[in-house]
Amino acid sequence: SQKIEQNSEALNIQEGKTATLTCNYTNYSPAYLQWYRQDPGRGPVFLLLIRENEKEKRKERLKVTFDTTLKQSLFHITASQPADSATYLCALGGDSTLTFGKGTMLLVSP
Amino acid sequence: DTGVSQNPRHKITKRGQNVTFRCDPISEHNRLYWYRQTLGQGPEFLTYFQNEAQLEKSRLLSDRFSAERPKGSFSTLEIQRTEQGDSAMYLCASSLGAGGNEQYFGPGTRLTVT
């Protein structure tokens, strides 16, 4: 069955550093991958989309890579800020639906 | 347009009761999705509509769950004969165009079944 793995442990980093979050998947060939941010008690907020024929996408301080051979996506936040503290979800899509991972909590300390 | 809205935000019900949640998507979005999220998990897809047509419903959790989008605008999700295991956050999202586009989520309805 399809499986999406994101780091279950929270990632703690210091302000100004680069945060790197990992999303691995098995038994799936997604046409695209999306990253969302979710704050406690709120719905997810879309951040970035990358398609299977793309290696890398950037948006401001965010960068996502997509390696379909390794079946892995990396999500980077450069110059991290305490306001970046949240849970980050990766989601895989191939048809019209998304399958989400459990998310990784990021904590950025001042 | 202020985004996707969901009502109510919180619902407490007793086991065996029926509940209905409403979702108002972003007005120009033709696709509407329902998800369930439990603590420590990512959103779990339930069903989606393109305009008024329900294109995927095989992943609704049981036949106690049903959804409608009668005029291709707002949608309702109904759970009949609620069980304690139905306690969760129910999220609605909408998007424009075909699959693969970003989804805009509402704040969710938190259901507690006692």
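My aim in this report is to walk through the structure given alongside it, one point at a time. Since the structure is predicted, the reported quantities are computational estimates derived from the model, not experimental observations.

1. Section: the overall build of chain A
Of the regular secondary structure elements, chain A holds 0 helices and 11 strands. The N-to-C order of helical and strand elements in chain A reads β-β-β-β-β-β-β-β-β-β-β. For 110 residues, the compact-globule formula gives about 13 Å, and the C-alpha radius of gyration of chain A, at 13 Å, lands near that figure. Along the longest, intermediate and shortest principal axes, the C-alpha atoms of chain A span 40 × 30 × 20 Å.

2. Here we look at the sheet that holds strand β1 (residues 3-6) of chain A
Residue and element names in this part refer to chain A. The 5 strands lie next to each other as β1-β3-β8-β7-β6, forming an open sheet whose pairing is antiparallel. The outermost strands of the open sheet, each flanked by one partner alone, are β1 and β6 (56-59). Going across the sheet, the axis of each strand differs from the next one's by a mean of 15°, ignoring polarity. Where β1 and strand β3 (residues 19-26) come together, 4 bridges link them in antiparallel fashion. Paired with Glu5 across the strands is Asn24, a residue of β3.

3. Some points on the pattern of salt bridges
All names here are of chain A. The final tally for this structure, using the stated rule, is 9 salt bridges over all chains. Between Glu5 and Lys3 there is a salt bridge whose closest N-O contact spans 3.4 Å. Residue Glu5 is classed as partly exposed on the basis of its relative accessible area of 42%. Judged by its relative accessible area of 46%, Lys3 is partly exposed. One salt bridge in this structure joins Arg37 and Asp39, with 3.1 Å as the shortest N-O distance. Taking relative accessible area as the criterion, Arg37 reaches 18% and is therefore assigned buried. Asp39 gets classed as partly exposed once you look at its relative accessible area, which sits at 24%.

4. Side note on the sheet that holds strand β7 (residues 65-68) of chain B
Through backbone hydrogen bonds, the strands of a sheet pair up, either in parallel or in antiparallel fashion. Residues and elements named next belong to chain B. Across the sheet, 4 strands lie side by side as β1-β3-β8-β7; this open sheet has antiparallel pairing. The two strands at the open ends of the sheet, each matched to only one other strand, are β1 (5-7) and β7. The average undirected angle you get between the axes of adjacent strands in this sheet is 15°. Looking at chain direction, strand β3 (residues 19-24) and strand β8 (residues 75-79) are connected through 5 bridges and run antiparallel. Residue pairing across strands places Cys23 opposite Ser75, the latter belonging to β8.

Criteria and cut-off values
- Residues numbered from 1 in each chain as written.
- Chains lettered and ligands numbered in written order.
- Predicted model: local features only at pLDDT ≥ 70, side-chain atom pairs only at ≥ 80, totals over all residues.
- Heavy atoms only, no water.
- Helix = DSSP H or I, 4+ residues; strand = E, 2+ residues; numbered from the N terminus.
- Rg over C-alpha atoms; globule rule 2.2 N^0.38 Å.
- Pairing = 2+ DSSP bridges.
- Axes fitted to C-alpha atoms, helices over the stretch in contact; angles between N-to-C directions.
- Salt bridge = Lys/Arg side-chain N within 4 Å of Asp/Glu carboxyl O.
- Buried < 20%, exposed > 50% of the residue type's maximum accessible area, 1.4 Å probe, protein only.

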